[in-house]
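In case you want the letters, here they are:
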Amino acid sequence: MKYARLTGSGSYLPDKVLTNHDLESMVDTSHEWIMARTGISERRIAADDEFTCDLAEKASREALHVAGVSPGQVDLIVVATTTPDQVFPSTACLLQQRLGIRGCPAFDVQAVCAGFIFALDVANRFIRTQGARCALVVGAETFSRIIDWTDRGTCILFGDGGGAVVLQDDDRPGIHSTHLHSDGAYKDLLCVPTGVSRNYEAVKSGTAYTTMAGNDVFRWAVTAMSALVDETLEANGIGRDDVDWLIPHQANVRIINAVGKRTGFPADRVIVTVNHHGNTSAASVPLALDESIRNGKIRTGDTVLMEGFGGGFTWGSALLTL
Ligand code: UT7
């Protein structure tokens, strides 16, 4: 059986920076409060004429370039997004057309902030069963479009961005294991309670916004992501010292620190990038991964445990050696 190896990564953040000081003029908040409670100092916001597929395309082209793969070699495209350009076709099909790829399966996965891990799991299964040899896996969001910019409980947290990886078949791992979970019993704690089939009026009037029970989500995120570390280590029969880097979902520095502490990962082996791009939902993990590869922290041969947590709830992890 073949394994899936990550051979390239890329990411993209929109040009427009929204700082905490900018937010002070929009809602009743302060730079100090946001830093103390979230660790986020700024986030990026897509331009009015910039859409999720634009972010996905930029990240994907970079990942393909790094992997040394031409678009024609890609035989699977999976895009994780909660903020697709259109109701349909999928953002994956739009991306496929942009890249000039024809005929291979291309589809979206919707698992909100855990979306990239879910997409990675799907692509990994395709490659392991030899249904694909070269997969493009993307997490991209224009989350700013579903944020109520008058709600200080949510607007300080989120931002826009995209990240992508190329997975190719290989005789060596690669991805060692993936672990996915969902529980719809928590559907109301973090959601956009309107959509296409239900209350489309809100979508049409531009008021389909994210609502969140912040404290509950915080607690759950820490519990679920800590348990995922144990589950992943146990499934692979390894200890935490066999893992070079932990990349938790980038939502809040306090959540990341709490997961590091609970699982015994020293802070210098836990990746934190949320401070300069906020919570970019499905883009958060590939953004953190790509930045850490680019700045030389994560190197070829390193073993990385990545994990996501999002609305649904959905949560999942992936263990891989680069
Ligand atoms: O991908 C998963 C998605 N989401 C998350 O992971 C987010 C999880 N939740 C969180 O990150 C945190 O719960 C928040 C950052 C949203 C809130 O932090 P908190 O430490 O849980 O604050 P809190 O909700 O307990 O609020 C404390 C106080 C309240 O005032 P009172 O009632 O004590 O007077 C809030 O009204 O802070 C107030 N507050 C703010 N003050 C200034 C809430 N938001 C703000 C704000 N600026 N932006």
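In what follows, the structure referred to is the one given above.
What you see is a predicted model; the values in this text were computed from it and never measured.

**Section: the pairing of strand S4 (residues 76–80)**
Where a strand is regular, its side chains alternate between the two sheet faces. Of all five residues that make up S4, five are buried, and the element is covered over most of its length. Burial along S4 is two-sided: Leu76, Val78 and Ala80 facing one way and Ile77 and Val79 facing the other are all buried. Judged from the five bridges that link them, S4 and strand S6 (residues 134–141) form a sheet pairing that is parallel. Its bridge partner being in S6, isoleucine 77 is matched across the sheet by leucine 136. Relative to strand S5 (residues 106–109), S4 is paired through four bridges, and the arrangement is parallel. Within S5, the residue paired with alanine 80 across the bridge is valine 109.

**Topic: the site of the ligand**
The immediate surroundings of the ligand are formed by 23 residues, with Thr29, Arg37, Asn215, His249 and Asn252 found nearest. Between histidine 249 and the ligand, the recorded distance is 2.8 Å, taken from a side-chain N or O atom to an oxygen atom. Phenylalanine 309 is positioned with one of its backbone polar atoms (N or O) 3.4 Å from an oxygen atom of the ligand. Computed on the free molecule, the ligand has an accessible area of 950 Å², of which 73% lies beneath the protein chains in the complex. For the shell around the ligand, the elements supplying multiple residues, two or more each, are helix H2 (31–38), helix H6 (152–155), helix H8 (214–236) and helix H9 (253–263). Looking at the shell around the ligand element by element, the count peaks at four residues for H8. Partitioning the shell around the ligand into residue classes produces 11 nonpolar, eight polar and four charged.

**Quick notes on the packing of helix H3 (residues 52–67) against helix H4 (residues 91–99)**
Interaxial distance between H3 and H4 falls to 10 Å at its minimum, and their mutual angle equals 55°. When the axes of H3 and H4 are compared, the pair comes out oblique. For the crossing formed where H3 meets H4, the hand is right-handed. Between H3, through Thr52, Cys53, Asp54, Ala56, Glu57, Ser60, Arg61 and Leu64, and H4, the contact on the second element is made entirely by Thr91, Leu94, Leu95, Arg98 and Leu99.

**Structural notes on the sheet that holds S6**
Across the sheet, which stays open at both edges, the five strands sit in the order S1-S7-S6-S4-S5 with mixed pairing between neighbours. In the strand order of this sheet, the two ends are held by strand S1 (3–12) and S5, each with one partner. Pairwise comparison of adjacent strand axes, ignoring direction, gives a mean angle of 20° for this sheet. Strand contacts of helix H11 (residues 284–294): S1, S6 and strand S7 (161–170), with the helix running at about 90° to S1, the strand carrying the most contacts.

**Here's the deal with H3**
An α-helical segment advances 3.6 residues per turn. Residues three or four places apart therefore align on the same side. For H3, which comprises 16 residues, the first-to-last C-alpha distance of 22 Å matches the rise-based estimate of 22 Å (1.5 Å per residue) to within 8%. Among all positions of H3, only Thr52, Cys53, Asp54, Leu55, Ala56, Glu57, Ala59, Ser60, Ala63, Leu64 and Ala67 are buried. Where H3 is buried, its residues contact S1, H4, S6 and S7.

**Thoughts on H8**
Given a rise of 1.5 Å per residue, 23 residues ought to cover 33 Å, and the 33 Å separating the end C-alpha atoms of H8 matches this to within 8%. Every buried residue of H8 is accounted for by Val217, Ala221, Val222, Ala224, Met225, Ser226, Leu228, Val229, Thr232 and Leu233. In the stretch just after H8, glycine 237 is the one whose phi turns positive, near 60°.

**A short note on the side chain of serine 317**
When you line up the elements, serine 317 lands in strand S13 (residues 314–321). Judged by its relative accessible area of 0%, serine 317 falls in the buried class. A distance of 2.7 Å separates polar atoms of two side chains, one belonging to serine 317 and the other to threonine 232. With near-sequence residues (within four places) excluded, serine 317 lies in contact with Ile117, Ser177, Thr178, His179, Leu228, Thr232, Leu305, Met306 and Glu307.

**Thoughts on the pattern of salt bridges**
One pass over the full model with this rule turns up 14 salt bridges. Note that arginine 125 is salt-bridged to aspartate 121, the shortest N-O span being 2.9 Å. Note that arginine 125 and aspartate 121 are positioned in helix H5 (residues 115–128) at a spacing of four residues, about one turn of the helix. Taking relative accessible area as the criterion, aspartate 121 reaches 4% and is therefore assigned buried. A salt bridge links arginine 294 to aspartate 290; the shortest N-O distance between them is 2.8 Å. Of the two residues, arginine 294 and aspartate 290 both sit in helix H11, four residues apart, roughly one turn of that helix. You can call aspartate 290 buried: its relative accessible area is 0%. Members of the salt-bridge network, linked through shared partners, are Asp54, Glu57, Arg61 and Arg98.

**Section: the packing of H8 against H9**
For the pair H8 and H9, the least separation of the axes is 9 Å and the interaxial angle reads 40°. With respect to their mutual orientation, H8 and H9 come out oblique. Crossing of H8 over H9 shows right-handed handedness. Contact with H8, carried on its side by Phe218, Ala221, Val222, Thr223, Met225, Ser226 and Val229, involves Arg254, Ile255, Ala258, Val259, Arg262 and Thr263 of H9 and no other residues of that element. Among the residues forming the contact of H8 with H9, the class breakdown is eight nonpolar, three polar and two charged.

What counts, and at which threshold
Residues numbered from 1 in each chain as written. Predicted model: local features only at pLDDT ≥ 70, side-chain atom pairs only at ≥ 80, totals over all residues. Heavy atoms only, no water. Buried < 20%, exposed > 50% of the residue type's maximum accessible area, 1.4 Å probe, protein only. Helix = DSSP H or I, 4+ residues; strand = E, 2+ residues; numbered from the N terminus. Pairing = 2+ DSSP bridges. Near = heavy atom within 4 Å. Polar contact = N/O pair within 3.5 Å; in protein donor to acceptor, adjacent residues only side chain to side chain. Areas by Shrake-Rupley, 256 points an atom, 1.4 Å probe, with all protein chains shown as cover. Nonpolar A, V, L, I, M, F, W, Y, C, P; charged D, E, K, R; others polar. Axes fitted to C-alpha atoms, helices over the stretch in contact; angles between N-to-C directions. Parallel < 35°, antiparallel > 145°, perpendicular 65-115°, else oblique. Left-handed = near helix turned anticlockwise from the far one by under 90°. Contact = heavy atoms within 4.5 Å. Expected span 1.5 Å × (residues − 1). Salt bridge = Lys/Arg side-chain N within 4 Å of Asp/Glu carboxyl O.

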